[in-house]
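Next come the chains, spelled out residue by residue.
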Amino acid sequence: MSRSKTEIGEIRYNPAEQSFEALVTFHGTTGTRRIATSFRAPLTAEFDVVSKGLLKAAMARINRSDQMKSRLEKAPAPMPKPLQGGFDWQALLHGSRAA
C-alpha cells in the first residue's frame with residue numbers, strides 16, 4: 001500500500017507474554033487493513049521504542065498469508081451512465097425496436 005496513513009490503537013501490556021499489544025491500522029488508497037500485533041519489551045520501555053516496535057512488527061506481518069488480519073476495501077466508483085442516443089442492445093435483443 002503506497003502512501004498510507006498508519007494508526008496504532010490502544011496499547012496494552014501483557015505481563016504473561018512480557019509484551020505490548022495493539023491493533024495497527026493502515027489506511028491506503030485501496031482501503032483499510034488492520035492487524036493485531038505484539039512487541040516484546042519490559043513494562044519500563046519508552047513509548048517511542050514500543051510504538052516503533054509495534055509498527056515494525058505489523059509491517060512485517062501485513063502481507064503474510066498466515067496472519068489474521070482485517071481488510072476493508074474502498075467501494076468502487078459508480079458505473080458511468082449510458083450515453084444518450086447510444087446503441088440499445090436490450091431493445092435489439094428483445095425485439096422492441098422497429099426493423
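Residues numbered from 1 in each chain as written. Predicted model: local features only at pLDDT ≥ 70, side-chain atom pairs only at ≥ 80, totals over all residues. Heavy atoms only, no water.

Thoughts on the environment of Pro 15
Among the secondary structure elements, Pro 15 is positioned in the loop between strand S2 (12–14) and strand S3 (19–28). Taking the relative accessible area as the measure of exposure, Pro 15 reaches 59% and is therefore exposed. Considered as a pair, Pro 15 and Leu 43 are 28 residues apart in the sequence and their alpha carbons are 8.2 Å apart. (Helix = DSSP H or I, 4+ residues; strand = E, 2+ residues; numbered from the N terminus. Buried < 20%, exposed > 50% of the residue type's maximum accessible area, 1.4 Å probe, protein only.)

Some points on the confidence of the model for the protein chain
Within the protein chain, residue pLDDT values average 79, and 62% of them lie at 70 or more. In the model of the protein chain, strand S5 (residues 69–73) stands out as the element of lowest mean pLDDT, 58, in contrast to S2, which has the highest, 96. (pLDDT = per-residue confidence, 0-100.)

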